[in-house]
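Each chain is listed here by its residues.
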Amino acid sequence: ARVDSAARRMASNPEYLTDLNRRAGPYLHLIVEELERARVPTALALLPEVESRYNPRAVSPKAASGMWQFMPYTGREMGLAQNGAYDGRNDILDSTRGAIKYLKQLHAEMGGDWALALASYNCGPGCVRRAMRRSGSRDFWSLTSLPAETRNYVPKLLAVLELVDRPERYGMRMPKLPNAPALEVVQATSSMSLVEVARHSGTSLHHLRSLNPGFKNGHTPVTGPHRVLVPAGKGHQLRKALVKSGKLSRRSLADSRRNRRSDS
């Protein structure tokens, strides 16, 4: 009933699924690939909608940042560097990998229960354990002492999933999302400026900044990571330019060409 109620509230906006499609579209294929590689439920690809509405630059009043809304300490624990040049919490690829690592850790801590793992992601595992002790139950739906935000958090994610899976039940239509990558990862051996990447990839600097918000100074940090996200189809010409500048080996270029052929 709580999931259905949340789904009906979302469905009161007839453009909700269209807006969701627009927000998630650039990132969804990448996120799903990472989830599949980690062998966790691909439904978790919808979690950034609940966390940030897929905004890689989102900042909460409590200083959580990025699409997956990492607090500074938890981000560092999951390997997300935060310094004057780079914030991994805002990096689309790194934060996704950090979130998967954290969700898997919480899933194990909570005895393989995804509802409890997700509640822990929202309010912390200590908060969930206290609620379980008070109620004498390990059933998320029985944990009435959880914060209101957390009690609503899991139903909200399931409601988004319900709307995506069965939009017709709520009088909605799910727009088609291409089953193809929208983004490419290009790896170099040393620092790259986004101006350089824009020139060689034929992508606007504004677009590149939106795809690589973890880089604070307009270039990849000296200490790395030395990789950028570019629109799908723009990677090969950038890699060729990086080979000429000595920032990528010819072997890596050949490997990327072979990978692209095998993907097609």
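See the structure above.
Just so we're clear, the structure is a prediction, and the values are computed from it rather than from any experiment.

Q: Just give me the short version of unusual backbone geometry, but keep the residues and values in it.
A: Put simply, Gly 224 and Pro 225 share a cis peptide bond, and its omega is 5°. Note that Pro 225 resides in the loop between helix 10 (205-211) and strand 2 (227-231). The phi angle at Tyr 54 is positive, at roughly 60°, despite the residue not being glycine. For Tyr 54, the position within the fold is in the loop between helix 3 (47-51) and helix 4 (72-77). Judged by relative accessible area, Tyr 54 falls into the buried class, the value being 3%. Despite not being glycine, Gln 69 has its phi angle at roughly 55°, a positive value. For Gln 69, the location among the structural elements is in the loop between helix 3 and helix 4.

Q: Tell me about the packing of helix 2 (residues 16-38) against helix 5 (residues 92-109), residues and numbers included.
A: Axis separation between helix 2 and helix 5 bottoms out at 10 Å; the angle between their running directions is 40°. One way to sum up the angle between helix 2 and helix 5 is to call them oblique. As for how helix 2 packs across helix 5, the hand of that crossing is right-handed. Contact with helix 2, carried on its side by Tyr 27, Leu 30, Ile 31, Glu 34, Leu 35 and Ala 38, involves Ile 92, Leu 93, Thr 96, Arg 97, Ile 100 and Lys 104 of helix 5 and no other residues of that element. Looking at the contact of helix 2 with helix 5 residue by residue, the classes come out as 8 nonpolar, 1 polar and 3 charged.

Q: Explain the environment of Trp 114 to me, and be specific about the residues and the numbers.
A: Looking at the element boundaries, Trp 114 is found in helix 6 (residues 114-123). Taking the C-alpha atoms as reference points, Trp 114 and Pro 41, 73 residues apart in sequence, are found 9.4 Å from one another. Discounting residues that sit within four places of it in the chain, Trp 114 has contacts with Val 40, Pro 41, Leu 44, Leu 103 and His 107. Among the polar contacts made by the side chain of Trp 114, one reaches the side chain of His 107 at a distance of 3.3 Å.

Q: So what about the side chain of Asp 94? Which residues, and what values?
A: You can see Asp 94 is positioned in helix 5. Assessed through its relative accessible area of 19%, Asp 94 is described here as buried. Apart from residues lying up to four places away in sequence, Asp 94 is in contact with Leu 80, Tyr 86, Gly 88, Pro 225 and Arg 227.

Q: Can you break down the pattern of salt bridges residue by residue, with the values?
A: Proximity of charged atoms lets side chains of opposite charge pair with each other. Using the criterion set out here, one finds 14 salt bridges in the structure. In this structure, Asp 4 engages Arg 169 in a salt bridge whose closest nitrogen and oxygen atoms are separated by 3.6 Å. Remark: Arg 169 occurs in the loop between helix 8 (148-165) and strand 1 (183-187) and Asp 4 occurs in helix 1 (residues 2-11); sequence separation between them is 165 residues. Owing to a relative accessible area of 23%, Asp 4 belongs among the partly exposed residues under this scheme. Three or more residues joined by partner-sharing salt bridges are found here, namely Asp 4, Arg 8, Glu 162, Arg 166 and Arg 169.

Q: I'd love a proper account of the pairing of strand 2, names of residues and values included.
A: Among the 5 residues in strand 2, 5 count as buried, and that is most of the element. Here strand 1 pairs with strand 2 via 5 bridges, running antiparallel. Paired with Leu 183 across the bridge in strand 2 is Pro 231.

Calculation rules
- Residues numbered from 1 in each chain as written.
- Predicted model: local features only at pLDDT ≥ 70, side-chain atom pairs only at ≥ 80, totals over all residues.
- Heavy atoms only, no water.
- Helix = DSSP H or I, 4+ residues; strand = E, 2+ residues; numbered from the N terminus.
- Buried < 20%, exposed > 50% of the residue type's maximum accessible area, 1.4 Å probe, protein only.
- Axes fitted to C-alpha atoms, helices over the stretch in contact; angles between N-to-C directions.
- Parallel < 35°, antiparallel > 145°, perpendicular 65-115°, else oblique.
- Left-handed = near helix turned anticlockwise from the far one by under 90°.
- Contact = heavy atoms within 4.5 Å.
- Nonpolar A, V, L, I, M, F, W, Y, C, P; charged D, E, K, R; others polar.
- Polar contact = N/O pair within 3.5 Å; in protein donor to acceptor, adjacent residues only side chain to side chain.
- Salt bridge = Lys/Arg side-chain N within 4 Å of Asp/Glu carboxyl O.
- Pairing = 2+ DSSP bridges.

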